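# Structural characterization, general
Here are the chains, one letter per residue:
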Amino acid sequence: MTFTAAHATVVVDGAYELAEGGRWFDGRYVYLDILSGRLFELRDDGADPRQLACTDVPLGAVAPVDDRPDAWIAAAGTGIALLTADGALEWLDRPEDRTPVPSRMNDGVADPAGRFWAGSMAYDGTHGAGSLYRTDPDGTVVRVLDGLTIANGPAFTADGTTMYLADTAAGTLLRCRVDPVSGDLSGSPQTFAQLGDGEGSPDGMTVDAEGCLWVAMWGAGAIRRYHPDGHLIHTLTVPAPHPTSVCLHPRDNRLFVTTARYGVKDPTTASGAVLSVPVPVRGTAACSWRGRR
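First, a word on what this report is: a plain description of the structure on this page. All of these numbers come straight from a predicted model, not from anything done at the bench.

It is worth spelling out the overall build of the chain at this point. Secondary structure assignment for the chain yields zero helices and 25 strands. Whereas a compact globule of 293 residues would reach a radius of gyration of roughly 19 Å, the chain reaches 17 Å, a difference of no more than 12%. Dimensions of the chain, computed from C-alpha atoms along their principal axes, come out at roughly 45 × 40 × 35 Å. In the chain, which comprises 293 residues, the share counted as buried stands at 56%. By sequence separation, contacts in the chain at least 24 residues apart represent 47% of the contacts at least 6 residues apart. About 11,600 Å² of surface is accessible on the chain, with carbon and sulfur atoms providing 48% of the total. Put simply, the chain has 24 plus and 36 minus side-chain charges, and the middle of one group is 2 Å from the middle of the other.

Okay, structure coming up:
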């Protein structure tokens, strides 16, 4: 294991409260500011980021809807919805309306088979109040796991058979085997890594072109890269205490990192920003939700 102080460049000094969910879609980097419900895109041409949509509820994650330009499936507010550029939400389900404590949706991603997965959390961090949901192409929302606290990630291998999931509050990285046809989990989740005191809390994740897992470490100002067998390969330090998501460019050797100002006593321009870091590996473009054609 090696530690490196990353040569991070502030690409967007957005002063975002809780920037998250960075993904590479269709030649553009898409990210959001959760608490303000805003969705942004950043292109490689050096132009300023452009706001794509704004909702009146927290926006945890999005994925594009296949064959529907400018339409997104979103983990928003208390459920899963279709989102258009005018900020309108067409709800598929709002399962977190039926929970005993006030909760919201959090991070999410589409898998290679075209399903959308997203986690949830209680606003007050109630232990075990979070869940993981899967939205199938027919629009059905299924609770896959419960008993989580702050569900983050998830991230999939290229063949869609392995899903990594973080329970941020528990400091746990889980590995789940997924049936790529049905989307059902094969057996119980296994502990992939357990973080100790002072190591930070696992947040957003991505899998690189070599099958290794990259994890943003909230509270530690660091990004970790894990081998598929679970051993820690490398740790990058970044100039912001709360990195929240990681995304690898599919063509250039660049890592994009979103960060938060939330909970930072003396934030700098790197907190609540989008950072770019040179790395020796590439990623893959994010997947779309293949529903509602």
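Read on for the rest.
Attention now goes to the packing of aromatic side chains. A complete count under the given rule lists ten aromatic pairs for this structure. With centroids separated by 5.2 Å and ring planes inclined at 50°, the aromatic side chains of Tyr16 and Phe40 adopt a geometry described as tilted. Here the residue Tyr16 occupies a position in the loop between strand E2 (9-12) and strand E3 (19-25), and Phe40 occupies one in strand E5 (residues 38-43), the gap between them amounting to 24 residues. A single burial state applies to Tyr16 and to Phe40, both of which are buried. Of the aromatic side chains, those joined through ring pairs into one cluster are Tyr16, Trp24, Tyr29, Tyr31, Phe40 and Phe256.

A few words now on the sheet that holds strand E24 (residues 254-259). Pairing between the strands of a sheet is mediated by backbone hydrogen bonds and can be parallel or antiparallel. Pairing in this open sheet of four strands is antiparallel, and the strands run E2-E25-E24-E23 from one edge to the other. Each end of this open sheet is capped by a strand with a single partner; those strands are E2 and strand E23 (243-248). Here the strands of the sheet are splayed against their neighbours by 30° on average, with no regard to which way each runs. Judged from the three bridges that link them, E2 and strand E25 (residues 274-278) form a sheet pairing that is antiparallel. If you follow Thr9 over to E25, its bridge partner there is Ser276.

Glancing now at the side chain of Ser276. Position of Ser276 among the secondary structure elements: in strand E25. Non-local contacts of Ser276, meaning those with residues more than four positions away in its chain, are made with His7, Ala8, Thr9, Val11, Arg254 and Leu255.

In terms of residue burial, E24 counts as a mostly covered element, since five of its six residues are buried. The turn joining E23 and E24, which pair antiparallel and follow one another in sequence, is formed by five residues.

The next point concerns the pairing of E3. With respect to burial, E3 is a largely interior element, seven of its seven residues being buried. Looking at chain direction, E3 and strand E4 (residues 28-33) are connected through five bridges and run antiparallel. Bridge assignment links Arg23 to a residue of E4, and that residue is Val30. Counting the residues that bridge the hairpin from E3 to E4 gives two residues, and of these Asp26 lies at a positive phi of roughly 50°.

Criteria and cut-off values
- Residues numbered from 1 in each chain as written.
- Predicted model: local features only at pLDDT ≥ 70, side-chain atom pairs only at ≥ 80, totals over all residues.
- Heavy atoms only, no water.
- Helix = DSSP H or I, 4+ residues; strand = E, 2+ residues; numbered from the N terminus.
- Rg over C-alpha atoms; globule rule 2.2 N^0.38 Å.
- Buried < 20%, exposed > 50% of the residue type's maximum accessible area, 1.4 Å probe, protein only.
- Contact = heavy atoms within 4.5 Å.
- Areas by Shrake-Rupley, 256 points an atom, 1.4 Å probe, with all protein chains shown as cover.
- Lys, Arg positive; Asp, Glu negative; His and termini not counted.
- Charge placed at Lys NZ, Arg CZ, Asp CG, Glu CD.
- Phe/Tyr/Trp six-rings, centres within 6.5 Å; stacked < 30°, edge-to-face > 60°.
- Pairing = 2+ DSSP bridges.
- Axes fitted to C-alpha atoms, helices over the stretch in contact; angles between N-to-C directions.

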